[in-house]
Amino acid sequence: MQRVHVVDSHTAGEPTRVVLSGGPDLGTGSIEHRLLRFRELHDEFRRSVVQEPRGSGAVVGALVVPPDRPKSTAGVIFFNNAGYLGMCGHGTIGLVATLAHTGQIRPGRHTIETPVGTVEAELHAVGDVSVRNVACRRTRTGVEVEVPGYGPVVGDIAWGGNWFFLSEGAPCDLTLANVEPLTAYTKAIRAALDWGRITGSDGATVDHIEISGPPARAENQSRNFVLCPGGEYDRSPCGTGTSAKVACLMADGRLRDGQVWRQEGILGTVFEVRADRVGDELRPRIRGSAYITGEGDLLFDSRDPFVEGVAP
């Protein structure tokens, strides 16, 4: 019976499952190279941790690995029901909350290595977390795609730690009651992007779709709905998605360096994201809170026909 020790949390409603021990040995080297080993040699572990019967489509996993640089706090590889993520804003906040819960870190600044770069996280004394993201940018604007059943949709392509297509407006209000039609709409957009071979830099797949509309509360600037790669919607306001949004806003001159953008998610929870330039790079700072929901061992019985999870 194999045991894998995990801590579960949610950040603004979106779940994170941090694997602290019992995961595969990925060796040494950069986190990017260890992600490749994970994908090529141990993908069954990803499936078993986040897919049914132990997980669900909404769970994002975070495998903690030793950092490549001795001064870093930790390395992490994020994964979900469809595969692997470059960066994950809500997941990094959940990771920091988990490390605090287990007594591995104290309030202050910490360096986290991800497959797409190093991020700086600060655990505040009140318990919330700020994360300075990797460098973000918009690569294309005014991209028009013909979406069957909906007509032409115009949006931007931007990198926020993952690749996003961002569009304003939707065929219905951005409310929890409309999750099904919003999911259908954003899936149709993603299919149209694939059909039209519209990609990020170097042919990268644009696997996240973000649509924005007016906020429910006056103190916020926007509300979003984000479709994740595995077909689930992000319960949080999406840290990498809001970073991509900030990159588009700054490129349009609608947001200045140092300004804060308050982004509502579909549940009404909020991330505060400050538009920070570090040298020539835009590195947004995401602030939010995570809450521990469980801690224990996942058990893997070799006799179990679904020991490697149930594929979607």
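Parameters and conventions
- Residues numbered from 1 in each chain as written.
- Predicted model: local features only at pLDDT ≥ 70, side-chain atom pairs only at ≥ 80, totals over all residues.
- Heavy atoms only, no water.
- 1 Å grid on protein atoms, 1.4 Å probe; cavity = no way out; pocket = protein on both sides within 12 Å on 5 of 7 lines; lining within 4 Å.
- Points joined across faces, edges and corners; volume = space filled by probe spheres on them.
- Nonpolar A, V, L, I, M, F, W, Y, C, P; charged D, E, K, R; others polar.
- Pairing = 2+ DSSP bridges.
- Helix = DSSP H or I, 4+ residues; strand = E, 2+ residues; numbered from the N terminus.
- Right-handed = clockwise from strand over helix to strand, strands pointing away.
- Buried < 20%, exposed > 50% of the residue type's maximum accessible area, 1.4 Å probe, protein only.
- Contact = heavy atoms within 4.5 Å.
- Phe/Tyr/Trp six-rings, centres within 6.5 Å; stacked < 30°, edge-to-face > 60°.
- Lys, Arg positive; Asp, Glu negative; His and termini not counted.
- Salt bridge = Lys/Arg side-chain N within 4 Å of Asp/Glu carboxyl O.
- Polar contact = N/O pair within 3.5 Å; in protein donor to acceptor, adjacent residues only side chain to side chain.

**A look at empty space enclosed by the protein**
Step number 1: Scanning the model with the defined rule gives one cavity of 30 Å³ or more in all.
Step number 2: In this structure, the largest cavity occupies an estimated 170 Å³ of space.
Step number 3: Taken together, 23 residues form the lining of the largest cavity, with E14, V60, L85, C228 and D234 sitting closest to its centre.
Step number 4: Of the residues contributing to the lining of the largest cavity, the split by class is 10 nonpolar, 10 polar and three charged.

**Things to note about the pairing of strand β14 (residues 260-264)**
Step number 1: Alignment of strand β13 (residues 222-227) against β14, held across two bridges, turns out to be parallel. In the sheet register, S222 faces β14, and the bridge partner there is Q263.
Step number 2: In this region the chain leaves β13, passes through helix α5 (residues 239-251) and returns to the parallel neighbour β14; the handedness of that crossover is right-handed.
Step number 3: Pairing geometry for β14 and strand β15 (residues 270-274), over five bridges, is antiparallel. Bridging from a neighbouring strand, R262 pairs with E272 of β15.
Step number 4: Between β14 and the antiparallel strand that follows it, β15, lie five residues; G268 among them carries a positive phi value of about 90°.

**A look at unusual backbone geometry**
Step number 1: Of the consecutive residues E52 and P53, the connecting peptide bond is found in the cis state with omega at 10°.
Step number 2: In this structure, P53 sits in the loop between α2 (43-50) and β3 (60-65).
Step number 3: Even without glycine at this site, A12 takes up a positive phi of about 55°.
Step number 4: For A12, the location among the structural elements is in the loop between β1 (2-11) and β2 (14-21).
Step number 5: Among the residues examined, A12 registers a relative accessible area of 10% and is labelled buried.
Step number 6: Despite not being glycine, R197 shows a phi value in the positive range, around 55°.
Step number 7: Assessed through its relative accessible area of 75%, R197 is described here as exposed.

**Regarding the environment of S9**
Step number 1: Within the secondary structure layout, S9 lies in strand β1.
Step number 2: In this structure the C-alpha to C-alpha distance between S9 and G23, which are 14 residues apart in sequence, comes to 18 Å.
Step number 3: Aside from chain neighbours lying at most four places away, what touches S9 is E14, P15, T16, G94, T98, Y291, I292 and T293.

**Quick word on the packing of aromatic side chains**
Step number 1: Applying the stated criterion across every chain, the model contains six aromatic pairs.
Step number 2: A centroid spacing of 6.3 Å and a plane angle of 45° characterise the contact between F38 and F45, whose relative ring orientation is tilted.
Step number 3: Classification of F38 by relative accessible area gives buried; the value is 0%.
Step number 4: Between Y150 and Y185 the ring centres are 4.9 Å apart and the planes differ by 65°, which places this aromatic pair in the edge-to-face class.

**Quick word on the side chain of R283**
Step number 1: Position of R283 among the secondary structure elements: in the loop between β17 (281-282) and β18 (285-288).
Step number 2: Although R283 is buried, it makes no salt bridge; E120 carries the closest opposite charge, 4.2 Å away.
Step number 3: A distance of 3.0 Å separates the side chain of R283 from the backbone oxygen of T118, its partner in a polar contact.
Step number 4: Residues contacting R283, with those up to four places away along its chain left out, are T118, V119, E120, R132, N133, V134, A135, D276 and V278.

**Considering the pairing of strand β6 (residues 108-114)**
Step number 1: The sheet contact formed by strand β4 (residues 74-79) and β6 spans two bridges and is parallel. Bridging from a neighbouring strand, A74 pairs with I112 of β6.
Step number 2: Here seven bridges tie β6 to strand β7 (residues 117-123), and the two strands are oriented antiparallel to one another. From the neighbouring strand, E113 faces β7, where its bridge partner is T118.
Step number 3: Counted along the chain from β6 to the antiparallel partner β7, the turn is two residues long.

Geometry only, nothing functional implied.
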